[in-house]
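Coordinate inspection notes
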There are 2 protein chains.
Amino acid sequence: MGNHFNKEFVKGASFEQLHKLCDEMRERIFTTVSECGGHLSSNLGAVELTVALYRVFDFPKDKIVFDVGHQCYPHKLLSGRAERFSTLRKEGGLSGFPKRSESEFDCYDTGHAGTAVSAALGIAKARDLKGEDFSVIAFVGDGSFNNGLVYEALNSLKILNAPILVILNDNGMSIAPTVGGTHDILSEMNGAGGGKNVALFEQFGIQYLGLYDGNNVEESIHALEKAKGLLKNGSVLLHVHTKKGYGYAFCENAPDVTHGISPTKNVKDEEYSTALGEELTTLAQKNGRIVVITAAMTDSLGLRGFFDKFPERSFDVGICEEHASVLCAAMATEGLKPYYAIYSTFLQRAYDEIIHDVCGQNLPVTFCIDRAGITGADGETHHGVFDLSYLALIPNLTVAIPSCISEFRAMIKWSETFEKPLAIRYPRSGKAVEIEISPIEYGKFDVLHSSMSDITVIAAGERPLSFAKNVLAKRQKEGKDFTLINARFLKPLDEALLSSVSSKYVITIEDNVEIGGLGAAINRFYLNQGKIIRNFAYHDAFIPHGGIVSLSEKFGVSEAEIDEYLEEIYARG
Amino acid sequence: MGNHFNKEFVKGASFEQLHKLCDEMRERIFTTVSECGGHLSSNLGAVELTVALYRVFDFPKDKIVFDVGHQCYPHKLLSGRAERFSTLRKEGGLSGFPKRSESEFDCYDTGHAGTAVSAALGIAKARDLKGEDFSVIAFVGDGSFNNGLVYEALNSLKILNAPILVILNDNGMSIAPTVGGTHDILSEMNGAGGGKNVALFEQFGIQYLGLYDGNNVEESIHALEKAKGLLKNGSVLLHVHTKKGYGYAFCENAPDVTHGISPTKNVKDEEYSTALGEELTTLAQKNGRIVVITAAMTDSLGLRGFFDKFPERSFDVGICEEHASVLCAAMATEGLKPYYAIYSTFLQRAYDEIIHDVCGQNLPVTFCIDRAGITGADGETHHGVFDLSYLALIPNLTVAIPSCISEFRAMIKWSETFEKPLAIRYPRSGKAVEIEISPIEYGKFDVLHSSMSDITVIAAGERPLSFAKNVLAKRQKEGKDFTLINARFLKPLDEALLSSVSSKYVITIEDNVEIGGLGAAINRFYLNQGKIIRNFAYHDAFIPHGGIVSLSEKFGVSEAEIDEYLEEIYARG
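So, how was this worked out
- Residues numbered from 1 in each chain as written.
- Chains lettered and ligands numbered in written order.
- Predicted model: local features only at pLDDT ≥ 70, side-chain atom pairs only at ≥ 80, totals over all residues.
- Helix = DSSP H or I, 4+ residues; strand = E, 2+ residues; numbered from the N terminus.
- Rg over C-alpha atoms; globule rule 2.2 N^0.38 Å.
- Contact = placed C-beta atoms within 7 Å.
- Pairing = 2+ DSSP bridges.
- Axes fitted to C-alpha atoms, helices over the stretch in contact; angles between N-to-C directions.
- Nonpolar A, V, L, I, M, F, W, Y, C, P; charged D, E, K, R; others polar.
- Domains from an automatic or database assignment.
- Least-squares fit on C-alpha atoms with pLDDT ≥ 70 in both.
- Buried ≥ 20, exposed ≤ 12 C-beta atoms within 10 Å, placed from the backbone.
- Right-handed = clockwise from strand over helix to strand, strands pointing away.
- Parallel < 35°, antiparallel > 145°, perpendicular 65-115°, else oblique.
- Left-handed = near helix turned anticlockwise from the far one by under 90°.
- Core = buried A, V, L, I, M, F, W, Y, C linked by C-beta atoms within 7 Å.
- Expected span 1.5 Å × (residues − 1).
- Arc of directions from axis to C-beta.
- pLDDT = per-residue confidence, 0-100.

1. Observations regarding the overall build of chain A
- Helix and strand counts for chain A stand at 23 helices and 21 strands.
- For 573 residues, the compact-globule estimate of 2.2 N^0.38 gives 25 Å, and the C-alpha radius of gyration of chain A, at 25 Å, lies within 12% of that figure.
- With the C-alpha coordinates aligned to their principal axes, the bounding extent of chain A is approximately 75 × 55 × 45 Å.
- Within chain A, counting contacts between residues at least 6 apart in sequence, those at least 24 apart form 78% of the total.

Printed below as a string of structure tokens:
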């Protein structure tokens, strides 16, 4: 099985053979994702369409850009990576996203939404300038069609005048069901009134072709051949309907839950998102000012309960991170108290709006930034290791970092009374603690352990602090010691506390890149004070996919290295 | 004249009186902008429409959000600020943009494009949640309708279901003529085929009303009254045509040149943009890989000549900063050598794409970042004082900072052979030097003056270095000295050179915020080496509008303070 997972087979196979191939691919994807984790339903839904693409086009001469990349597994299976497919998302194994470094069949790296049409246009324009001849395809889900970047690319179709094929893979969902005006337009195309709405795309200068059944391999081949023919007249938008999770009843029925699968779950850990949803729900019961905004991530951010309970104060605006930020700022100008929950890596999309709209106007918007630090199997495009640095430099912004779920709950409670821009960033999962935590105060650190030692460790965030705590426990058994401070705020720093630190050695630990984060702030604070400082932070590099602890160690934040450095200091006496 | 520059007059005036008022307002704007500088043609074109708005709506109870804000002067004149209008854009005077802190008539601060529809929606939703009753208006130019953020907001109209009035002020231009598919759609609406294209907006769930002559005050009043009536059925898009520069023939004929007016010009200074255009043109003559991309800024970035000479390799994609970044990345994957010229403050819009698309794939895209540092009269939203910090933290990115126009030319020449992501950031204007500058080498600083002194000054950028040079010249006359280093690269640092610095005192100077820039990098490099370091950089604050040198002094980078600090060191012996 799987020996015909290659383009040559697809080119020569009978339709019956293709059906069998699709079944085998689907099974391989299901088996692998069950073991390795990954994106399940979106890939199951894209099998037939991908097979059809391989039948009609000639990859890698022809080029395909997958938007986001949650639907590229069938492509990986057919492009010489079937044998390595069992290494999917494992450290050193295949990436879950397209990667130029992995295969010549991957022409453009993705991971964030909305880039594919722009990228395909750029590739096509380069092709035309170089006088080459090949087809360029953007494979885009309907969820991404909410994203402004797609419209910026559509606006450029006439400017660039470089024909591309945009496949709109319409399954009615991103991670969550697709929302908003664009979705309604696409939905109407499914019905009798389709013709009217075709205008939306044709007005941008793209030939519309649809609607086809993307889970029917013959129909998909037919549609792609037709589209290919039309490319000589200019760009084509091929509208295809697929069923997310196609072929597996429980995936079809719960495509959101089966969007992303985690291979193993640490049962001792809890999700920060659960705490977020619970705390905001409690606050919102008494405080009518509170509203919650997400960008197509309601469930994975723990907000389903809040959305169900307060539908009129809950807004999922689709994959529109910039718009969500401005919306929050504007609501805050009218006295509301918006909480914008988002993954760390996607917040990069709203960077200008954080600066220009929220902080520039000094408005009480709270950014709840999930998936901070190394996130593991999704790799380069999904780690949240830049946020402390890019947030710290923004005037008017307060940056808080909880060290456990209990502290996170306390910070959310505290945030209710804080009337300025606030960012709270936290990893996906962690622990709640039994002990009572000290009250959250603006800009105040928490001294977890005082000592007479000449060493102070300042750590921020759950993992860095857990490393520090482990090392402390180990060292205490040897009769050694150090002071341990939980840097609850990166900004403002607790200057009073830092000024009172008399130890000669200061160690900082954070789950963020080494340029511009906690270490940089502490270095600056202690400038010219004669302290010996060591920063543990991630190296200045894009971190690939892998295990969280293993990657953390490889890229500069390792319990063993911290312990080793302490050993050095202890050895000096 | 001007005594009836207030809303009460507008409410009660006859049409004849309104015409006279418009003439007076236009004259006041012209006179003031001629003296203070500012945005001329866009404001001249918006006079009648603004008067009509004041007639039909009741500000500040009703609320208006100006997209970008280049058309808010008539609004300022009618909202109690006529008397202070002569202070426009002067330090301590009126801002050239809407500012909540300036007047209750300004409900939302703007400066960057595309935010108004989102902001209006947020305000309207808050209104509905609070059970209040007022109208919310987004006043948007057609240039902004290229921006993806506007589509993200349109996609939300049905989700938020909070009626707003969007005025599409269509003058066919942003700073440059508007380009792309959206523009064609809008243009067609001007003609007989209009009805067909109305669909674009109605599909998003907004009632279309147009096309009206926005330079005709009666017609505008009529249109706004009609629009106001329709608001009870949901959101309305009112499409109005205006003439940029209306009323002044030379503005109407050259609306791009008269878009922004500088009050005085330092004749000794040259523009970096001129050098950019010339150097790229020279390179492109021999190197067919070079392409140039801008986001609606061709002229102000000095690229008109390049665009004229190489139209097939020049792309103005409209106000689509994100898309432009992805386009560059994609073209680079195909072997082209893209140069993306943009203002520092607008590059914030493309932050995720710099990380995710360009640097994540380690592609040879060169960002030519103009208007870095304090830019002066435009204020908070237009200074380029964050870029060194937010760029330094991105892996794979090289950051270069020329100290004069001659060095900038050399850097552009050098960049041709550099095959990785590169950012070159520079101010608007500066000086060319007569002397030959030393060759640009990757990551190498330039020692401008060596000394046996115990002080080394490391400065980056033209203004910081000019301060340092002035202080040096002054001190040398007194027989004192220090070593002066031009930090041509923020990243990578010239570690070899820095390691060879034996002086005890190190001073850094940059025209960037104090968190995360050059100072932070030098602090980190010299960690634990016993040096006494002092960073001169801008305070952690949003810097208002004013004079460049004056603001620089107020916010932490002052020649006098640098000199004073040196005095302290010299005094220690």
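Following the structure, the description resumes.
2. Examining the sheet that holds strand E9 (residues 290-294) of chain B
Residues and elements named next belong to chain B.
- Sheet architecture is open: seven strands sit in the order E10-E9-E11-E12-E14-E13-E19, paired in mixed fashion. Sheet topology places strand E10 (314-316) and strand E19 (489-491) at the edges, where each strand pairs with a single neighbour. Taking each pair of neighbouring strands and ignoring which way they run, the sheet shows an average axis angle of 20°.
- Taken together, the two bridges between strand E13 (residues 398-400) and E19 define a ladder with antiparallel strand orientation.

3. Describing the interface of chain B and chain A
- Between chain B and chain A, the contact holds 90 residues from the first and 90 residues from the second.
- With 12 residues, helix H7 (residues 148-160) of chain B is the single largest residue contributor to the side of chain B that touches chain A.
- Its residues assigned to classes, the side of chain B that touches chain A comprises 43 nonpolar, 29 polar and 18 charged.

4. A few points about the sheet that holds strand E3 (residues 136-141) of chain A
All names here are of chain A.
- Judged by pairing direction, the sheet is parallel, and its five strands sit side by side in the order E2-E3-E4-E6-E5 without closing on themselves. In this open sheet, the two edge strands, each paired with only one partner strand, are strand E2 (63-66) and strand E5 (207-213). The mean inter-strand angle of the sheet, taken between neighbouring strand axes irrespective of direction, is 20°.
- Two elements, E5 and strand E6 (residues 236-241), share six bridges in a ladder whose sense is parallel. Looking across to E6, one finds that Gln207 is bridged to Val236.
- Strands in contact with helix H10 (residues 217-230) are strand E4 (165-170), E5 and E6; relative to E5, the strand with the most contacts, it is inclined by about 170°.

5. Digging into the domain arrangement of chain A
Residue and element names in this part refer to chain A.
- Per the domain assignment, the segments making up chain A are domain 1 (7-246), domain 2 (270-430) and domain 3 (446-572).
- Taken over C-alpha atoms, the centre of domain 2 sits 26 Å from the centre of domain 3.
- At the junction of the two partners, domain 2 supplies 25 residues and domain 3 supplies 31 residues.
- Listed by contribution, the elements that provide at least two residues to the side of domain 2 that touches domain 3 are helix H17 (387-392) and strand E13 (398-400).
- Here the side of domain 2 that touches domain 3 gets four residues from one element, more than from any other, and that element is H17.
- Residues belonging to the side of domain 2 that touches domain 3 are distributed by class as follows: 14 nonpolar, eight polar and three charged.

6. Observations regarding the relation of the copies chain B and chain A
- Rotating chain B by 180° and translating it 0.0 Å along the rotation axis places it on chain A, where the RMSD comes to 0.0 Å. Given the turn and translation reported, the copies of this chain are related as if by a two-fold rotation axis. For chain B, the minimum C-alpha distance to the rotation axis belongs to Gly148 of chain B and amounts to 1.8 Å.
- A shared binding surface is used by both copies, with 100% of the interface residues of chain B retained as interface residues in chain A.

7. Quick notes on the pairing of strand E20 (residues 505-513) of chain B
Residue and element names in this part refer to chain B.
- Where burial is concerned, most of E20 is hidden: nine out of the nine residues are buried.
- In this structure, strand E17 (residues 455-459) lies alongside E20, joined through five bridges in parallel fashion. Along E20, the bridge assignment pairs Val457 with Ile507.
- With six bridges joining them, E20 and strand E21 (residues 532-538) adopt parallel strand pairing. Across the sheet, the residue bridging to Val506 is Ile533, located in E21.
- Tracing the backbone out of E20, into helix H21 (residues 518-525) and back to the parallel element E21 gives a crossover that is right-handed.

8. Remarks on unusual backbone geometry
Residues and elements named next belong to chain B.
- Of note, the bond from Phe59 into Pro60 is cis; its omega dihedral lies within 30 degrees of zero at 5°.
- On the secondary structure map, Pro60 appears in the loop between helix H4 (47-56) and strand E2 (63-66).
- Positive phi, normally seen in glycine, also occurs at Arg89, with a value near 65°.
- On the secondary structure map, Arg89 appears in the loop between helix H5 (73-78) and helix H6 (116-130).
- A positive phi is found at Asn528, a non-glycine position, where the angle reads about 65°.
- The topology assignment puts Asn528 in the loop between H21 and E21.
- With 12 C-beta atoms packed within 10 Å, Asn528 lands in the exposed category.

9. What to know about the packing of helix H6 (residues 116-130) of chain A against helix H14 (residues 321-333) of chain B
- One way to put it is that H6 of chain A packs onto H14 of chain B with a least axis distance of 7 Å and a crossing angle of 45°. The angle between the axes of H6 of chain A and H14 of chain B places the two elements in the oblique class. Like other packed secondary-structure pairs, H6 of chain A and H14 of chain B cross with a definite hand, here right-handed. Of the residues in H14 of chain B, those touching H6 of chain A at Ser118, Ala119, Leu121, Gly122, Ile123, Lys125 and Ala126 of chain A are His323, Val326, Leu327, Ala329, Ala330, Met331 and Thr333 of chain B.
- Tallied by class, the residues present in the contact of H6 of chain A with H14 of chain B amount to nine nonpolar, four polar and one charged.

10. A short note on the nonpolar core
- Counting residues in each nonpolar core, the largest one holds 385 residues, and the members touching the most others are Ala120 and Ala138 of chain A together with Ala120 and Ala138 of chain B.
- Aside from chain neighbours lying at most four places away, what touches Ala138 of chain A is Val65, Asp67, Ala116, Val117, Ala120, Ile164, Val166 and Ile167 of chain A.

11. Details of the packing of helix H19 (residues 462-477) of chain B against helix H23 (residues 559-572) of chain B
Residue and element names in this part refer to chain B.
- Contact pair H19 / H23: the axes reach a minimum separation of 9 Å and the direction vectors enclose 45°. The angle between H19 and H23 places the two elements in the oblique class. Note on packing geometry: the crossing formed by H19 with H23 is right-handed. Residues Phe467, Ala468, Asn470, Val471, Lys474 and Arg475 of H19 lie in contact with H23, whose contacting residues are Glu559, Ile562, Asp563 and Leu566.
- Looking at the contact of H19 with H23, its residues break down into five nonpolar, one polar and four charged.

12. Some remarks on the pairing of strand E18 (residues 483-486) of chain B
All names here are of chain B.
- Covered by surrounding structure in E18 are Thr483 and Ile485 together with Leu484 and Asn486, the residues of both alternating faces.
- For E17 and E18, the ladder comprises four bridges, and the chain directions are parallel. Across the sheet, the residue bridging to Val457 is Leu484, located in E18.
- Following the backbone out of E17, through H19 and into the adjacent parallel E18, one traces a crossover that is right-handed.

13. Section: H23 of chain B
Residues and elements named next belong to chain B.
- End to end, H23 covers 20 Å across 14 residues, agreeing with the expected 20 Å (1.5 Å per residue, within 8%).
- Buried within H23 are the following residues: Glu559, Ile562 and Leu566. For H23, the angular spread of the buried residues around the axis is 65°, confining them to a single face. Exposed side of H23, more than 90 degrees from the buried face: Ala560, Glu564, Glu567, Glu568, Ala571 and Arg572 are the residues found there.
- Buried positions along H23 lie against E17, H19, E20 and E21.

14. Topic: helix H2 (residues 15-36) of chain A
- Along its 22 residues, H2 of chain A runs 31 Å from first to last C-alpha, staying within 8% of the 32 Å computed at 1.5 Å per residue.
- Phi for Gly37 of chain A, located one or two positions after H2 of chain A, is positive at around 80°.

15. Here's the deal with the confidence of the model for chain A
- Scored by pLDDT, chain A has a mean of 94; 97% of the residues are at 70 or more.
- What the predictor reports for the complex is a pTM of 0.97 with an ipTM of 0.96.

16. A short note on the environment of Glu91 of chain A
Residue and element names in this part refer to chain A.
- Relative to the assigned elements, Glu91 resides in the loop between helix H5 (73-78) and H6.
- Using a count of 15 C-beta atoms within 10 Å as the deciding quantity, one classes Glu91 as partly exposed.
- In contact with Glu91, not counting residues within four places along its chain, are His545, Gly546, Gly547 and Ser550.

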